[in-house]
Amino acid sequence: MDGTKRDNIEKGMKVKVVQKQDQRSGKLTEGVVAKILTNSKTHPHGIKVRLEDGTVGRVKE
């Protein structure tokens, strides 16, 4: 799945995101999408989402 396209991401979908503080290490956090925060159709670094546990990050997988 391509995390840079908004059309590929839906609420309730299980994804892996990279949080702001983990961008250098590339550490991924797994969770379920609660809300899509990016308004544009695409973003080169991944669509920003909020997970159900409150974590905010950009979708990588």
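Conventions used here
Residues numbered from 1 in each chain as written. Predicted model: local features only at pLDDT ≥ 70, side-chain atom pairs only at ≥ 80, totals over all residues. Heavy atoms only, no water. Salt bridge = Lys/Arg side-chain N within 4 Å of Asp/Glu carboxyl O. Helix = DSSP H or I, 4+ residues; strand = E, 2+ residues; numbered from the N terminus. Buried < 20%, exposed > 50% of the residue type's maximum accessible area, 1.4 Å probe, protein only. Contact = heavy atoms within 4.5 Å.

**Some details on the pattern of salt bridges**
Overall, the coordinates contain five salt bridges when judged by the stated rule. Between Asp-7 and Lys-41 there is a salt bridge, and its shortest N-O distance comes to 3.8 Å. One end of the pair, Asp-7, is in the segment before strand E1 (14–18); the other, Lys-41, is in the loop between strand E2 (28–36) and strand E3 (48–51), with 34 residues separating them in the sequence. For the salt bridge of Lys-14 with Glu-30, the shortest nitrogen-to-oxygen distance reads 3.4 Å. One end of the pair, Lys-14, is in strand E1; the other, Glu-30, is in strand E2, and 16 residues separate them in sequence.

**Concerning the side chain of Gln-19**
In this fold, Gln-19 is placed in the loop between E1 and E2. Given a relative accessible area of 16%, Gln-19 falls into the buried group. Filtering out sequence-adjacent residues up to four positions away, Gln-19 remains in contact with Thr-29, Thr-55, Val-56 and Gly-57.

By themselves, these observations are geometric and do not establish any function.
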